[in-house]
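What the coordinates show
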Protein chains: 2
Amino acid sequence: MLFPILDLTEARQTLLRRRSWAQTEYPPALLERVAALFGEPLTPEAAVARILADVQRRGDEALREWSWRIDGVAPEPWQVPLAAQREALARLPADLRTALEQAADRIAAFHRRQPAHSWLHTDPHEGVLGQIVRPLDAVGVYVPGGTAPLPSSLLMAAVIARVAGVRRVIACSPPMRGSGRVTDVILAAAAIAGVDEFYALGGAQAIAAMAFGTETIAPVDKIVGPGGLFVTLAKRQVFGVVGIDGLPGPTETMVIADVTADPERVAADLLAQAEHDVLATAILLTPSRPLAEAVQLAIARRLESLSRAEIIVTSLGSRGGAVLTPDLETAVEAANAFAPEHLCLSVADPWALVPRVRHAGGVFVGEYSFEVLGDYVAGPSHVMPTEGTARWASPLNLEDFIKRISLIALTPAAATELSPIAARLALAEGLDAHAAAAQARL
Amino acid sequence: MLFPILDLTEARQTLLRRRSWAQTEYPPALLERVAALFGEPLTPEAAVARILADVQRRGDEALREWSWRIDGVAPEPWQVPLAAQREALARLPADLRTALEQAADRIAAFHRRQPAHSWLHTDPHEGVLGQIVRPLDAVGVYVPGGTAPLPSSLLMAAVIARVAGVRRVIACSPPMRGSGRVTDVILAAAAIAGVDEFYALGGAQAIAAMAFGTETIAPVDKIVGPGGLFVTLAKRQVFGVVGIDGLPGPTETMVIADVTADPERVAADLLAQAEHDVLATAILLTPSRPLAEAVQLAIARRLESLSRAEIIVTSLGSRGGAVLTPDLETAVEAANAFAPEHLCLSVADPWALVPRVRHAGGVFVGEYSFEVLGDYVAGPSHVMPTEGTARWASPLNLEDFIKRISLIALTPAAATELSPIAARLALAEGLDAHAAAAQARL
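Residues numbered from 1 in each chain as written. Chains lettered and ligands numbered in written order. Predicted model: local features only at pLDDT ≥ 70, side-chain atom pairs only at ≥ 80, totals over all residues. Heavy atoms only, no water.

1. Considerations on the overall build of chain A
Broken down by element type, chain A carries 18 helices and 15 strands. Rg of the C-alpha trace for chain A: 25 Å, near the compact-globule value of 22 Å for 442 residues, within the 12% margin. Dimensions along the principal axes, computed over C-alpha positions, put chain A at roughly 80 × 55 × 50 Å. When the 442 residues of chain A are sorted by exposure, 65% land in the buried category. In chain A, once contacts between residues fewer than 6 apart in sequence are set aside, the share between residues at least 24 apart is 75%. The average position of the 38 basic charges and that of the 49 acidic charges among the side chains of chain A differ by 3 Å. (Helix = DSSP H or I, 4+ residues; strand = E, 2+ residues; numbered from the N terminus. Rg over C-alpha atoms; globule rule 2.2 N^0.38 Å. Buried < 20%, exposed > 50% of the residue type's maximum accessible area, 1.4 Å probe, protein only. Contact = heavy atoms within 4.5 Å. Lys, Arg positive; Asp, Glu negative; His and termini not counted. Charge placed at Lys NZ, Arg CZ, Asp CG, Glu CD.)

In structure tokens:
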């Protein structure tokens, strides 16, 4: 069944199971491809570790070799000059350019409003305590390219870095296999976002170059943005050497709808989700069986006109469906347990449900706030936590591009009062040089 | 030389070199110990991966076995009841109890002041956009124990989790090898912080239990707190399954001082830093050779009375020293390039330097705001980024215990205006089901 209708108990065993990075199993075809590439059977993790170590050791030469072996491209020089970014922008159809610019403006406007300021607590006796907020020095944005270029992903990261005040924003995106060039629309997005350096590089080798640096690419402090499996595994392995934003996996949408929802619109939203990827998840939660059935029908009918129907059939068939819940509150609880990337509230009174939402990347309130607007132009980043990581992670936002420095400026009087406490605790921990430093102030 | 005096050029090749997780080499003794434990030569990473996989698969049974094999303890039942936490608190010397309570109060007060609120932008035409801030559901705090119990580390994490509103705060700390019990002062700190569940477990197996869960321990959403090598490697490997706060390594202090600084106090602060660990870093940056020499002398003299002199001699000998800089501004630039965990400004006008500080975990302004106060009682967490990660990471703070949910609630009018932009970008990305979802609102 393309879009099955399940009851909650049944769904908990299947559609709503908790996902996790810890449960990853790789398809045999992928493992075969890795074995062919490396001349021996390797896990994808081990393959990525090998690429990272090689680029760290041999720099540009390794970068060149892996780009050719894995992506079949020889992008040299790999830095795309700023002039070429601007030329690509000039070549773009006017309506597409305007759309990119409007999206960038709205992303910037949203994140300029996000409060992320230094703060101080001052007290005449105590002195000053607080946090200094500073932008990161250098950020690398990975942009999926090759067969499916996603200029929106570039905007959804680079524009926020710019708003945060990051000094150096670089981007890596793989060139297309045929032309060996990065597609215009990605370069145009880079020009709009104000990317300082653009490299026609992809995969784990691009992540390695940004993390460790090479002869031609200075390392960055943090790497952000979604990518394929090798990119995500590489980001995971360089975490600690640099910061990373998260490990975005296949995209997920849950729609909570009641009998007032328009089944055509609900179906359109679920189909939009499902076309991303055969691993995408699109789930409807509703107390209304008639709505579920109407959505099921609308999906089948609308599917016929869509170019990515094959992908949709696979993703909806394995990870999609409608779940019947006793009421809307239970639907929200099921969504909290799943912690979806996107949670859409297509119900008569969506604001009544908002206070119950605890775990989601983004919540889309009402059927006019549909997920596709969030993908491109609403303002918040579309890079949101997946695979249940919304339990603890946030969408990409201003906080990803700044850090805090604790500031401690106590008065001598406060220090004198606090020193005996510090000395007592230091002695309990067996650290007498700590106690001595406290005594040096008494 | 115990505490050499170097010029800046020389220091850049040695003391001030950029550190990174990517450069880790393990001492032969450690590799031998791992080989003995596992019956074959394994990297520490591979050893940790094996422990994690085993606990994930076999749960409590694996936890029991690894605790015995690695830590030589058989803590069963491993959950320490709340009553035992309270009894430990009651047994504590009154002055120590008071010191712990005062520290906890100040940590709570500081983080209650940190702004981390939901925010909304409302516009009559556009609707509502913003971020909802929610506390995490469940957090696990790792507390170093065994030979060197650090109750302050428990407070510096668990108290902040409580302020953030985390529902379930659990802690793991290894029992002492001899008694098989967790020391009173750690349990007392847990009682004061309000830890919900306390487990007498340590090492990579404790991290595995918190990340994956076992029959007796429910998994958490995020793991925080410092630990030894196996703990840190395990945190790195479970990142993605759960959130982690960072990968704290050996502690680091840089003191920038001028001729007005008291050499005894500077020496005391550097010695306090150096006693932590043979890998600790304690560096003085100063334009004043007379001060550097006076500090060198004071260190040698003060060292004699300290119980951890052996550790100090090793750490100061290999990673400590004074660096002569042309002026204070250059000293701050050198500190920014190093991105130390702690940066102490013992100069006549410390506030003049604060605006130049870009990369540090915490900045300690003036000689009365000395680092040991920050370790215990100033208020900000002493869990701060090390090994240069202050370039992109923050001290543990309220943000670690909350996450943001993007909120999108557009008016129908705004959605109608934005839908063509979204549709245009969707078509450029080849996603026609996305475009269809936008068209369904027009």
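On we go from here.
2. Some words on the confidence of the model for chain A
Chain-level pLDDT for chain A is 95 on average; 99% of the residues reach the 70-or-more range. Reported for the predicted complex are a pTM of 0.96 and an ipTM of 0.96. (pLDDT = per-residue confidence, 0-100.)

3. Thoughts on helix H12 (residues 289–303) of chain B
All names here are of chain B. Spanning 15 residues, H12 covers 21 Å between terminal C-alpha atoms, matching the ideal 21 Å at 1.5 Å per step. Looking only at H12, the buried set comprises Leu291, Ala292, Val295, Ala298, Ile299, Arg302 and Leu303. Taken down its axis, H12 places every buried residue within 125° of arc, on the same side. For H12, the exposed residues lying more than 90 degrees away from the buried face are Pro290 and Leu297. (Expected span 1.5 Å × (residues − 1). Arc of directions from axis to C-beta.)

4. Remarks on the nonpolar core
Ranked by size, the top nonpolar core spans 287 residues in total, and within it Leu154 and Leu155 of chain A together with Leu154 and Leu155 of chain B carry the most contacts. The contact partners of leucine 155 of chain B, leaving out residues within four places of it in the chain, are Leu100, Ala103, Ala104, Ile107, Ile160, Ala189, Ile192 and Ala193 of chain B. (Core = buried A, V, L, I, M, F, W, Y, C linked by side-chain atoms within 4.5 Å.)

5. Notes on the sheet that holds strand S6 (residues 168–172) of chain B
All names here are of chain B. Strands sit in the order S2-S7-S6-S5-S8-S9 across an open sheet of six strands; the sheet is mixed. A single partner strand is all that each edge strand has here, and the edge strands are strand S2 (79–80) and strand S9 (243–244). Pairing geometry for S6 and strand S7 (residues 197–199), over three bridges, is parallel. Bridge pairing links cysteine 172 to tyrosine 199 in S7. On top of the sheet, helix H9 (residues 203–212) reaches strand S5 (138–142), S6 and strand S8 (222–224); it is set at about 175° to S5, its chief contact. (Pairing = 2+ DSSP bridges. Axes fitted to C-alpha atoms, helices over the stretch in contact; angles between N-to-C directions.)

6. Quick notes on the pattern of salt bridges
Under the definition given, this model contains 54 salt bridges over all chains. For glutamate 264 of chain B, the salt bridge identified is with arginine 302 of chain B, shortest N-O distance 2.9 Å. Taken together, the residues span a long stretch of sequence, with glutamate 264 of chain B in helix H11 (residues 263–274) and arginine 302 of chain B in helix H12 at a distance of 38 residues. A single network of salt bridges, built from pairs that share partners, joins Asp54, Arg57, Arg58, Glu61 and Glu65 of chain A. (Salt bridge = Lys/Arg side-chain N within 4 Å of Asp/Glu carboxyl O.)

7. Section: the interface of chain B and chain A
Taken residue by residue, the interface counts 123 residues in chain B and 123 residues in chain A. Approximately 11,000 Å² of surface area, both sides summed, lies buried where chain B meets chain A, with 61% of it carried by carbon and sulfur atoms. Area buried by chain B at its contact with chain A is led by Trp392, Ile408 and Arg441 of chain B, which between them contribute 8% of it. In this assembly, chain B and chain A are joined by twelve salt bridges. Here arginine 424 of chain B makes a salt bridge to aspartate 95 of chain A, at a shortest N to O gap of 2.7 Å. At the boundary of chain B and chain A, one finds 69 residue pairs in polar contact (both at pLDDT 80 or more). The element contributing the most residues to the side of chain B that touches chain A is helix H17 (residues 412–428) of chain B, with ten residues. (Buried area = accessible area lost by both parts, 1.4 Å probe. Polar contact = N/O pair within 3.5 Å; in protein donor to acceptor, adjacent residues only side chain to side chain.)

8. Things to note about the side chain of histidine 434 of chain A
Along the chain, the position of histidine 434 of chain A falls in helix H18 (residues 432–439). When its relative accessible area of 0% is taken as the criterion, histidine 434 of chain A is described as buried. Within the local environment of histidine 434 of chain A, its side chain forms a polar contact with the backbone oxygen of alanine 272 of chain B, the two atoms lying 3.4 Å apart. In this view, histidine 434 of chain A contacts Ala426 of chain A together with Ala272, Glu275, His276, Val372, Asp375 and Tyr376 of chain B; residues no more than four positions away in its chain are not counted.

9. Some remarks on the environment of valine 259 of chain A
Positionally, valine 259 of chain A belongs in the loop between strand S10 (252–257) and helix H11 (263–274). Owing to a relative accessible area of 63%, valine 259 of chain A belongs among the exposed residues under this scheme.

10. Observations regarding the domain arrangement of chain A
All names here are of chain A. Each assigned domain of chain A is listed with its residue range as follows: domain 1 (5–15 + 250–391), domain 2 (79–114 + 135–244) and domain 3 (411–439). Relative to domain 2, the C-alpha centre of domain 1 lies at a distance of 29 Å. Each partner contributes to the interface: domain 1 provides ten residues, whereas domain 2 provides ten residues. Summed over both sides, the interface of domain 1 with domain 2 buries roughly 850 Å², with 66% coming from carbon and sulfur. Linking domain 1 to domain 2 there are zero salt bridges. Run the count over domain 1 and domain 2 and you get four residue pairs in polar contact (both at pLDDT 80 or more). In terms of residue class, the side of domain 1 that touches domain 2 is made up of five nonpolar, four polar and one charged. (Domains from an automatic or database assignment. Nonpolar A, V, L, I, M, F, W, Y, C, P; charged D, E, K, R; others polar.)

11. Points about the pairing of strand S15 (residues 402–410) of chain A
Counting buried residues along S15 of chain A, nine of its nine residues qualify, which places the element largely inside the surrounding structure. Both faces of S15 of chain A are covered, namely the face carrying Ile402, Arg404, Ser406, Ile408 and Leu410 of chain A and the face carrying Lys403, Ile405, Leu407 and Ala409 of chain A. Bridging between strand S4 (residues 127–135) of chain A and S15 of chain A involves nine bridges; their strand directions are antiparallel. The residue bridging proline 135 of chain A from the neighbouring strand is isoleucine 402 of chain A, located in S15 of chain A. Alignment of S15 of chain A against strand S14 (residues 362–365) of chain B, held across three bridges, turns out to be parallel.

12. Description of the sheet that holds strand S13 (residues 342–346) of chain B
A sheet is described by the order of its strands in space; here nine strands give the open sequence S3(A)-S4(A)-S15(A)-S14(B)-S13(B)-S10(B)-S11(B)-S12(B)-S1(B), paired in mixed fashion. In the strand order of this sheet, the two ends are held by strand S3 (119–123) of chain A together with strand S1 (5–7) of chain B, each with one partner. Ignoring strand direction, the axes of neighbouring strands in this sheet form an average angle of 20°. Sheet topology note: the strand S10 (residues 252–257) of chain B/strand S11 (residues 281–286) of chain B ladder contains five bridges and is parallel. Each residue of the ladder has a partner; that of valine 255 of chain B, found in S11 of chain B, is leucine 284 of chain B. Strands S10, S11 and S13 of chain B of the sheet are contacted by helix H14 (residues 328–338) of chain B, whose axis makes an angle of about 170° with S10 of chain B.

13. Thoughts on the environment of valine 220 of chain A
Residue and element names in this part refer to chain A. Mapped onto the elements, valine 220 comes out in the loop between helix H9 (203–212) and strand S8 (222–224). On the basis of relative accessibility, which here comes to 0%, the residue valine 220 falls in the buried class. As a C-alpha pair, valine 220 and alanine 209 span eleven residues in sequence and 9.1 Å in three-dimensional space. Non-local contacts of valine 220, meaning those with residues more than four positions away in its chain, are made with Ala138, Val139, Gly140, Arg168, Ile170, Met210 and Val242.

14. Section: helix H14 (residues 328–338) of chain A
All names here are of chain A. Burial within H14 is extensive, with eight of its eleven residues counted as buried. Within the sequence span of H14, burial applies to Leu328, Thr330, Ala331, Val332, Ala334, Ala335, Asn336 and Phe338. Two to three positions downstream of the cap, the backbone nitrogen of glutamate 329 sits 3.3 Å from a side-chain oxygen, assigning the N-cap of H14 to aspartate 327. Just beyond H14, the residue with positive phi is alanine 339, at close to 55°.

15. Remarks on the environment of threonine 9 of chain A
Structurally, threonine 9 of chain A can be placed in helix H1 (residues 8–13). Sequence separation between threonine 9 of chain A and threonine 325 of chain A is 316 residues, and the spatial gap between their C-alpha atoms is 9.3 Å.

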